[in-house]
Amino acid sequence: MAVTRADVARLAGTSPALVSYVLNDGPRSVAPATRARIEAAIEQLGYRPNMSARSLRMNRGHALGMVIPDGANPFFAELSAVVEAAAFARGFPLIVGNAAGDEARERAYVSAFIDRRVEGLLAISSSWESGIADACAAADMALVAVDRIIDPGRCAHVMCDSLAGARIAVEHLISHGHRDIACLSGPHVSTADERVAGYRQALHDAGLPESVVVRAEFGGAAGYHALDELMSGATTPTAVFVTSDLQAMGMLRAAYDANLRVPDDLAIVGFDGIEYSRYTRPGLTTMVQPTRKMGELAVELLLKQIDTGSAEPGVVSLGAELKTRGSCGCADEF
């Protein structure tokens with residue numbers, strides 16, 4: 001049978017109420033000698049508090065929530081895995097809601113997390129005007145934005161410096177001698193827009209004209225079908241900067257099907273650094289996001305807000321690292 005607080009109290013020779021005060025660190029103080037007996041009894045019996053019952057008494061769910069825009073995208077899957085591990089290590093289970101690119105579904109998940117009174121929310125928003133900050137503020141729920149901008153004036157953000165990373169990627173293509181570099185972007189979310197801005201900045205700084213910019217959904221199919229549009233303009237690009245690895249992987253397959261040699265006929269550089277990017281042929285050159293640092297820092301900031309009851313608005317921006325492989329003409333860095 002499960003060990004109860006009453007069992008702990010009997011072994012310690014005290015009351016269940018005092019056991020509760022020790023476990024919850026209050027609301028009343030416990031004499032040091034009594035506390036020592038209770039802690040010894042807890043250890044001897046192997047007692048574990050009933051977290052569900054405790055959460056009801058505290059009027060909070062002892063868990064964190066996380067909303068991601070696409071559970072099928074390996075980048076978001078990898079990031080949420082890092083967040084889950086960091087949260088679990090600190091004693092918090094993580095509940096993940098997959099918005100699947102649907103803002104209404106995203107709002108529904110946020111409402112569900114609020115209704116279930118999770119301790120705090122980590123959010124990768126599907127749009128600029130998601131209303132997440134308003135909803136969390138109204139519910140007095142801690143909020144940290146990850147990867148995409150929500151409202152820097154109202155909550156903490158943990159981001160990769162997409163603009164600087166894109167600039168580095170395009171400068172690398174320029175160093176290979178490319179002068180007509182196209183861009184395949186994702187939809188209008190903050191990360192994609194910043195990567196397009198970095199692409200344009202690198203071309204401007206090099207005195208090169210902007211080539212075609214195509215917008216598409218993040219995903220392999222979008223990258224596959226975008227190749228025709230990119231190659232059918234007035235000029236034919238010799239290189240493409242792609243704002244996500246999944247799109248870039250789809251484009252690699254499209255190039256193969258179109259009998260284009262990568263990188264001889266078309267060089268391709270992606271952005272994200274997902275695990276699968278190293279297994280393409282040729283290997284995909286990509287800007288690797290600091291996924292582990294982003295996830296762990298986001299959890300740290302969220303728990304700090306939960307503990308202190310106050311947010312620290314602003315943006316923490318972390319740098320991406322260029323990983324060169326065969327798709328740009330470099331030797332593979334596995």
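The structure displayed is predicted, hence computed values, not measured ones.

K.L.:
Before we go on, may I ask you to explain unusual backbone geometry in this structure?
P.N.:
Most peptide bonds take the trans configuration, and most residues that are not glycine carry a negative phi. The amide bond that connects Val 262 to the next residue, Pro 263, takes the cis arrangement and shows omega of 15°. Note on placement: Pro 263 falls in the loop between α11 (245-257) and β9 (267-272). Here the residue pair Arg 281 and Pro 282 is connected by a cis peptide bond, since its omega of -5° sits within 30 degrees of zero. With respect to the helices and strands, the residue Pro 282 is situated in the loop between β9 and β10 (285-288). Residue Asp 147 is not a glycine yet carries a positive backbone phi of 75°. Assignment of secondary structure puts Asp 147 in the loop between β4 (142-146) and β5 (156-160). For Asp 147, a relative accessible area of 4% puts it in the buried group. Not every positive phi belongs to a glycine, and Asn 259 is a case in point at roughly 60°.

K.L.:
Could you clarify how one ought to interpret the packing of aromatic side chains in this entry?
P.N.:
Per the counting criterion, the structure on display carries two aromatic pairs. Seen from their ring centres, Phe 75 and Phe 76 are 5.4 Å apart, and the 65° between their planes marks the pair as edge-to-face. Judged by relative accessible area, Phe 75 falls into the buried class, the value being 3%. In this structure, Arg 195 packs its charged tip against the face of Phe 271, placed 3.9 Å from the ring centre.

K.L.:
Which parts of the structure should I look at to understand the nonpolar core?
P.N.:
Nonpolar side chains tend toward joint burial in soluble globular proteins. By size, the foremost hydrophobic cluster in this structure holds 49 residues, and its most contacted members are Leu 122 and Phe 241. Ranked by residue count, the leading element in this core is helix α12 (residues 291-308), at seven residues. Apart from the residues lying within four places of it in its own chain, the contact partners of Leu 122 are Gly 65, Met 66, Val 67, Val 83, Leu 94, Val 144, Val 146, Ala 298, Val 299 and Leu 302. Listed in part, the 19 residues of the second largest apolar core include Leu 184, Ala 216, Ala 254 and Val 262.

K.L.:
Would you take a moment to explain the sheet that holds strand β8 (residues 239-242) for this structure?
P.N.:
The strands that make up a sheet pair up through hydrogen bonds in the backbone, lying either parallel or antiparallel. The six strands are arranged β7-β6-β8-β9-β10-β12 in an open sheet whose pairing can be described as mixed. Two strands close off the open sheet at either side, each with one partner strand: β7 (213-215) and β12 (321-323). Between one strand and the next, the sheet's axes are offset by a mean angle of 20°, whatever the strand orientation. As judged from the three bridges shared by β10 and β12, these two strands associate in the antiparallel manner. Looking across to β12, one finds that Thr 286 is bridged to Lys 323.

K.L.:
Quick question: what am I supposed to make of helix α8 (residues 162-175) here?
P.N.:
Given 3.6 residues per turn, any residue in an α-helix points the same way as the ones three and four places further on. In this model α8 runs 20 Å from its N-terminal to its C-terminal C-alpha over 14 residues, within 8% of the 20 Å that 1.5 Å per residue would give. Those residues of α8 that fall on the buried side of the exposure criterion are Ser 162, Ala 164, Gly 165, Ala 166, Ala 169, Val 170, His 172, Leu 173 and Ile 174. One or two residues past the end of α8 sits Gly 177, with phi positive at roughly 95°.

K.L.:
What's the story with the packing of helix α5 (residues 74-89) against α12 in this structure? I'm lost.
P.N.:
The relative placement of two packed helices comes down to the angle between their axes together with the axis-to-axis distance. Interhelical geometry of α5 versus α12 gives an angle of 45° and a closest axis separation of 8 Å. When the interaxial angle is binned, α5 and α12 end up oblique. The crossing of α5 and α12 is right-handed. Residues Phe 75, Glu 78, Leu 79, Val 82, Val 83, Ala 86 and Ala 87 of α5 lie in contact with α12, whose contacting residues are Thr 291, Arg 292, Met 294, Gly 295, Glu 296 and Val 299. Residues belonging to the contact of α5 with α12 are distributed by class as follows: eight nonpolar, two polar and three charged.

K.L.:
Hey, could you run me through helix α2 (residues 16-24) in this one?
P.N.:
Within the span of α2, buried status applies to Val 19, Ser 20, Tyr 21 and Val 22. Looking at the buried positions of α2, the neighbouring elements they touch are α1 (5-12) and α3 (32-45).

K.L.:
Please explain the environment of Asn 24 as it appears in this structure.
P.N.:
Looking at where Asn 24 falls in the secondary structure, it is placed in helix α2. Distance in space between the C-alpha atoms of Asn 24 and Arg 117 is 19 Å, their sequence separation being 93 residues.

K.L.:
Even after reading the chapter, I still don't get the pattern of salt bridges, so can you show me in this structure?
P.N.:
Pairs may arise between side chains of opposite charge once their charged atoms sit close together. Tallying each qualifying case throughout the model produces 15 salt bridges. With a closest N to O distance of 4.0 Å, Asp 151 and Arg 154 form a salt bridge. A relative accessible area of 24% places Asp 151 in the partly exposed class. Between Arg 195 and Asp 272 there is a salt bridge, with the nearest N and O atoms lying 3.7 Å from each other. Remark: Asp 272 occurs in strand β9 and Arg 195 occurs in helix α9 (residues 190-205); sequence separation between them is 77 residues. Residues Arg 195 and Asp 272 agree in their burial class; the two are buried.

The rules behind the values
Residues numbered from 1 in each chain as written. Predicted model: local features only at pLDDT ≥ 70, side-chain atom pairs only at ≥ 80, totals over all residues. Heavy atoms only, no water. Helix = DSSP H or I, 4+ residues; strand = E, 2+ residues; numbered from the N terminus. Buried < 20%, exposed > 50% of the residue type's maximum accessible area, 1.4 Å probe, protein only. Phe/Tyr/Trp six-rings, centres within 6.5 Å; stacked < 30°, edge-to-face > 60°. Lys NZ or Arg CZ within 6 Å of the ring centre and 35° of its normal. Core = buried A, V, L, I, M, F, W, Y, C linked by side-chain atoms within 4.5 Å. Contact = heavy atoms within 4.5 Å. Pairing = 2+ DSSP bridges. Axes fitted to C-alpha atoms, helices over the stretch in contact; angles between N-to-C directions. Expected span 1.5 Å × (residues − 1). Parallel < 35°, antiparallel > 145°, perpendicular 65-115°, else oblique. Left-handed = near helix turned anticlockwise from the far one by under 90°. Nonpolar A, V, L, I, M, F, W, Y, C, P; charged D, E, K, R; others polar. Salt bridge = Lys/Arg side-chain N within 4 Å of Asp/Glu carboxyl O.

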